[in-house]
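# An overview of the molecular structure
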Amino acid sequence: MLPQPVMQKAQEELLDWNGQGVSVMEISHRSKEFIALTQQADADIRELMNIPSNYHVLFMHGGGRGQFAAVVNNLLGNNGKALYLVDGSWSSSAVEEAKKLAGDAQIDTLNIVDKTDGISRVVLPELSEIKQDYRYLHYCPNETVDGIEIFDELDSPWPIVADMSSNIMSREIEVSRYGLIYAGAQKNIGPSGLSIVIVRDDLLQYPQLTQASIMDYRLAVKHDSMFNTPPTFAWYLAAEVFKWLKAQGGVAEVAKINERKAETLYGFIDSCDFYENRVASANRSNMNVTFYLKDESLNEAFLAEAKAAGLVALKGHRSVGGMRASIYNAMPLAGVEALVSFMKAFADKHAA
Ligand SMILES: *Cc1c(COP(=O)(O)O)cnc(C)c1O
């Protein structure tokens, strides 16, 4: 979900943005007014994430998967190698795309999830002991589908590339520990179609593969993310979400609420015999809470009754089954509390 005040503001000014007499969708991306919007968005995301000045912030097309390709094309070159840590479904997809573009020989992978006893636990490797000259290390700190989050900072001898599509701005991080951070916008930032790329200046000097110009970071930097017409409406909404986040007190404040939301939901699941979560407590995602009904024959009834109670989008990804509550920044604590009371009532009603 997106923050309701942002949606309301967008509705109010849909036909007449900023006194222009037309929609933000209808004005030129090169107009002075739209440029001012992009500059404000840049300043706001830099403030929210405390981004150092030697990093570029790019607003690009193509969501998260677009960056699976762009990262390879921009950072690997013809003879570089990269290491991909695999902790779930999205990092596996990133590997697949990387191998497709660069070939198997340039991409090393390391599975970092131990599933002993059916509980997923992240075991981080001692990276400094790996004697390889990688251009970068890729990982996904929040595996959206699996409900696995890595809270520990990695100690990497190589620049870290992180897919933060589903946990960007959900808690404070130190940007200077990363070479590149990217995120499809549609989970925590705005509507789909946009991706945010935060890249340290020196990585732009890396040897590139031949690639489409619209994916080229150097061109994006040179043209202020306007090499071609950007997704202007998505950019506008993202800018409004940044303002909303600042009004909430910034990422540190939102992180506190996110903690409470996650504790509320996991606490209930653990306390109730009817449901279970299968992720080690240190790696339970604050954004995507996966859970299973112990009696899976009740799954359909659970989803139908939840929907009737106004609780939607709870079905787990088809690859893992079960249920998943995505509780991104815009989800208020009251939303989680409503889910918990529904789950409690459902368990009471259906417990054998
Ligand atoms: C959703 C998601 C993606 C894919 O995003 P698209 O915009 O659909 O390409 C990639 N990585 C993660 C971690 C995601 O959650």
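Residues numbered from 1 in each chain as written. Predicted model: local features only at pLDDT ≥ 70, side-chain atom pairs only at ≥ 80, totals over all residues. Heavy atoms only, no water.

Surveying the vicinity of the ligand reveals 13 residues, the closest of which are Arg65, Thr144, Asp163, Gln186 and Lys187. Calculation on the ligand without its partners gives an accessible area of 390 Å², and the protein chains cover 87% of this total. Ranked by residues supplied to the shell around the ligand, first place goes to helix α3 (residues 63-75) with four residues. Here the shell around the ligand is built from residues that sort into three nonpolar, seven polar and three charged. (Near = heavy atom within 4 Å. Areas by Shrake-Rupley, 256 points an atom, 1.4 Å probe, with all protein chains shown as cover. Helix = DSSP H or I, 4+ residues; strand = E, 2+ residues; numbered from the N terminus. Nonpolar A, V, L, I, M, F, W, Y, C, P; charged D, E, K, R; others polar.)

What follows deals with the packing of aromatic side chains. Under the defined criterion, the tally for this structure stands at 17 aromatic pairs. Consider the rings of Tyr84 and Tyr136, whose centres lie 5.8 Å apart with planes at 70 degrees: the pair is edge-to-face. Taken as a pair, Tyr84 in strand β2 (residues 82-86) and Tyr136 in strand β6 (residues 136-139) lie far apart in primary sequence, 52 residues in all. Measuring from ring centre to ring centre gives 5.9 Å for Phe274 and Phe346, while their planes differ by 70 degrees; the resulting arrangement is edge-to-face. Placement of Phe274 in the loop between α7 (250-271) and β12 (275-276) and of Phe346 in helix α9 (residues 333-350) is noted, with a sequence separation of 72 residues between them. (Phe/Tyr/Trp six-rings, centres within 6.5 Å; stacked < 30°, edge-to-face > 60°.)

The buried fraction of strand β13 (residues 288-293) is high, at six of six residues. On β13, burial covers both faces: Asn288, Thr290 and Tyr292 on one face and Val289, Phe291 and Leu293 on the other are all buried. Direction of pairing for β12 relative to β13: antiparallel, over a ladder of two bridges. Bridging across to β13, Glu276 finds its partner in Tyr292. With four bridges connecting them, β13 and strand β14 (residues 323-326) associate as antiparallel partners. Paired with Phe291 across the strands is Met323, a residue of β14. (Buried < 20%, exposed > 50% of the residue type's maximum accessible area, 1.4 Å probe, protein only. Pairing = 2+ DSSP bridges.)

With that out of the way, let us pick up the sheet that holds strand β9 (residues 160-163). Taken together, the seven strands give an open sheet; going across it, the order is β1-β11-β10-β9-β6-β2-β3, and neighbouring strands pair in mixed fashion. Two strands in the sheet have a free side with no partner beyond their single neighbour: β1 (55-61) and β3 (107-111). Averaged over all pairs of adjacent strands, the angle between their axes in this sheet comes to 15 degrees, without regard to strand direction. Both β9 and strand β10 (residues 180-184) contribute to a ladder of three bridges, which runs parallel. Residue Val161 lies in a different strand from β10, and its bridge partner there is Leu180. Along the sheet face, α3 touches β1, β2, β6, β9, β10 and β11 (194-200) and points at about 150 degrees away from the line of β10. (Axes fitted to C-alpha atoms, helices over the stretch in contact; angles between N-to-C directions. Contact = heavy atoms within 4.5 Å.)

In this section: the pairing of β1. Judged by how many residues are buried, β1 sits mostly within the fold: five of seven residues are covered. Pairing between β1 and β11: seven bridges, direction antiparallel. By the bridge assignment for β11, Tyr55 is matched with Arg200.

Geometry of a packed helix pair, given as the angle between the helix axes and the separation of the axes. Between α7 and α9, whose axes approach to 9 Å, the crossing angle comes to 10 degrees. Judged by the angle between their axes, α7 and α9 are roughly parallel. Contacts between α7 and α9 involve Arg260, Lys261, Thr264, Leu265, Phe268 and Ile269 from the first element and Leu333, Val336, Leu339, Val340, Met343 and Lys344 from the second. (Parallel < 35°, antiparallel > 145°, perpendicular 65-115°, else oblique.)

Moving on, we come to the pattern of salt bridges. This structure, assessed with the given rule, holds 15 salt bridges. In this structure, the salt-bridge partner of Arg171 is Glu149, at a minimum N-O distance of 2.9 Å. One end of the pair, Arg171, is in the loop between β9 and β10; the other, Glu149, is in strand β8 (residues 148-149), with 22 residues separating them in the sequence. When its relative accessible area of 19% is taken as the criterion, Arg171 is described as buried. (Salt bridge = Lys/Arg side-chain N within 4 Å of Asp/Glu carboxyl O.)

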